[in-house]
Protein chains: 2
Amino acid sequence: MSVGYHCIWDVYDCDESKISFIKEVQLTLNELVKETQLTAVNESYKQFSPVGVTGVILLEESHISIHTWPEKKFAAIDVFSCKRFDDSKMENMILKLLGASKIKTNMIKRGV
Amino acid sequence: MSVGYHCIWDVYDCDESKISFIKEVQLTLNELVKETQLTAVNESYKQFSPVGVTGVILLEESHISIHTWPEKKFAAIDVFSCKRFDDSKMENMILKLLGASKIKTNMIKRGV
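Note that the structure is a prediction, hence the values are computed from the model and not measured.

Caption draft 1: Structural view of the environment of B:Thr54. Residue and element names in this part refer to chain B. Tracing the backbone through its elements, the reader meets threonine 54 in strand β3 (residues 53-59). Taking the relative accessible area as the measure of exposure, threonine 54 reaches 1% and is therefore buried. Sequence-wise, threonine 54 and isoleucine 66 are twelve residues apart; in three dimensions their C-alpha atoms are separated by 5.8 Å.

Here it is as structure tokens:
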């Protein structure tokens, strides 16, 4: 059996302006939800001072989260989904949305 | 560099009564937050019909999530934290809280 896929992205050399404040991070997270065609149930964010954001969107049967470290130009994203993504499409989308140059993907099949 | 640890647990043969409804799942998630000594910022849950729950607690700089499939006696849990956990202590705690008999752990160092 398998209940779904948990995809984890470590994103390096991000554009700091894209990961410093809730407004931009929220836009990015919602773009990714739209791309995965999942349904958002609820979203919550926390702004760190002076910069840095933690955000989670609860999805139908899954979730997407982001944690950012602007001072390291780094963002950690994960999505749990019942269906498999188009990995390279998602990678390219994340790189574009965060103005990043390097991404490391870890796809884990859950409940195997 | 490393920004933290992302620990993923696949939990098998759970007691269905522990993973069917929000009330019990919320207790479990909050017990785990207490154990990891992290600080909850916000929590949200979704109840599926007839049974099954998705829950996420936004933590300071991190998150914990759970997704349950009572019909498969399965639960998927993950915690992102800045500090390393005591793996076996957490495993035993999850097994006990969910009345489960088998757990698979995947510890991922993020931002390496």
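Caption draft 2: Structural detail: the relation of the copies chain B and chain A. Between chain B and chain A, which share one sequence, the superposing operator has a rotation angle of 180° and an axial displacement of 0.0 Å; the RMSD is 0.0 Å. Taken together, the turn and the small shift mark the pair as related by a two-fold rotation axis. In terms of C-alpha distance to the rotation axis, chain B has B:Val56 as its closest residue, with the C-alpha 3.9 Å off the axis. With an isologous cut-off of 70% or more, the 100% of interface residues of chain B that recur at the interface of chain A puts this contact in the isologous class.

Caption draft 3: Quick look at the side chain of A:Asp78. On the secondary structure map, A:Asp78 appears in strand β5 (residues 74-81). Of the buried charged residues, A:Asp78 lacks a salt bridge, with B:Arg110 as the closest side chain of opposite charge at 5.6 Å. A polar atom in the side chain of A:Asp78 sits 3.2 Å from the side chain of A:His63. Looking at A:Asp78, its side chain comes within polar contact range of the side chain of A:Ser65, at 2.3 Å. Ignoring any residue separated from it by four or fewer positions in sequence, one finds A:Asp78 in contact with A:His6, A:Cys7, A:Ile8, A:His63, A:Ile64, A:Ser65, B:His6, B:His63 and B:Asp78.

Caption draft 4: Inspection of the state of the cysteines at higher detail. Residues and elements named next belong to chain B. Inspection of every chain in the model, using the stated rule, returns zero disulfides over all chains. With no disulfide of its own, cysteine 7 has cysteine 82 as its nearest cysteine by sulfur position, at a separation of 14 Å. Free cysteine: cysteine 14, not disulfide-bonded; nearest cysteine sulfur from cysteine 7 at 16 Å. Take cysteine 14: its relative accessible area is 2%, and that puts it in the buried class.

Caption draft 5: Structural detail: the sheet that holds β3(B). Residue and element names in this part refer to chain B. Across the sheet, six strands lie side by side as β2-β3-β4-β5-β1-β6; this open sheet has antiparallel pairing. Strand pairing shows two members of the sheet lacking a second neighbour, β2 (40-47) and β6 (102-110), which therefore form its edges. In this sheet, neighbouring strand axes are inclined to one another by 10° on average, regardless of whether the strands run parallel or antiparallel. Sheet analysis places strand β1 (residues 4-12) next to strand β5 (residues 74-81), joined by seven bridges and oriented antiparallel. Residue pairing in the sheet places histidine 6 in a bridge with phenylalanine 80 of β5. Along the sheet face, helix α2 (residues 22-36) touches β2, β3, β4 (62-69) and β5 and points at about 155° away from the line of β2.

Caption draft 6: Quick peek at the packing of helix α2 (residues 22-36) of chain A against helix α3 (residues 87-98) of chain A. All names here are of chain A. Orientation of α2 relative to α3, taken along the N-to-C sense of each, is 160°, at an axis distance of 11 Å. The orientation of α2 with respect to α3, classified from their angle, is roughly antiparallel. Considering only the axes of α2 and α3, their crossing is right-handed. For the pair α2 and α3, contact is made by Thr28, Glu31, Leu32, Glu35 and Thr36 and by Lys89, Met90, Met93, Ile94, Leu97 and Leu98, respectively.

Caption draft 7: Up close: the sheet that holds strand β6 (residues 102-110) of chain A. Residues and elements named next belong to chain A. What the six strands build is an open sheet, ordered β2-β3-β4-β5-β1-β6; its pairing is antiparallel. Looking at which strands have only one partner, the edges of the open sheet turn out to be β2 (40-47) and β6. Within this sheet the neighbouring strands show an average axis-to-axis angle of 10°, counted without direction. Inspection of the sheet shows strand β1 (residues 4-12) paired to β6 by nine bridges, in the antiparallel sense. Looking at the pairing, isoleucine 8 lines up with asparagine 106 of β6. Each of β2, β3 (53-59), β4 (62-69) and β5 touches α2; the most contacted strand, β2, lies at about 155° to it. Here α3 sits on the sheet and contacts β1, β5 and β6; the angle it forms with β6, its principal contact strand, is near 140°.

Conventions used here
- Residues numbered from 1 in each chain as written.
- Chains lettered and ligands numbered in written order.
- Predicted model: local features only at pLDDT ≥ 70, side-chain atom pairs only at ≥ 80, totals over all residues.
- Heavy atoms only, no water.
- Helix = DSSP H or I, 4+ residues; strand = E, 2+ residues; numbered from the N terminus.
- Buried < 20%, exposed > 50% of the residue type's maximum accessible area, 1.4 Å probe, protein only.
- Least-squares fit on C-alpha atoms with pLDDT ≥ 70 in both.
- Contact = heavy atoms within 4.5 Å.
- Lys, Arg positive; Asp, Glu negative; His and termini not counted.
- Salt bridge = Lys/Arg side-chain N within 4 Å of Asp/Glu carboxyl O.
- Polar contact = N/O pair within 3.5 Å; in protein donor to acceptor, adjacent residues only side chain to side chain.
- Disulfide = S-S within 2.5 Å.
- Pairing = 2+ DSSP bridges.
- Axes fitted to C-alpha atoms, helices over the stretch in contact; angles between N-to-C directions.
- Parallel < 35°, antiparallel > 145°, perpendicular 65-115°, else oblique.
- Left-handed = near helix turned anticlockwise from the far one by under 90°.

Remember, this is a structural readout, not a statement about activity or role.
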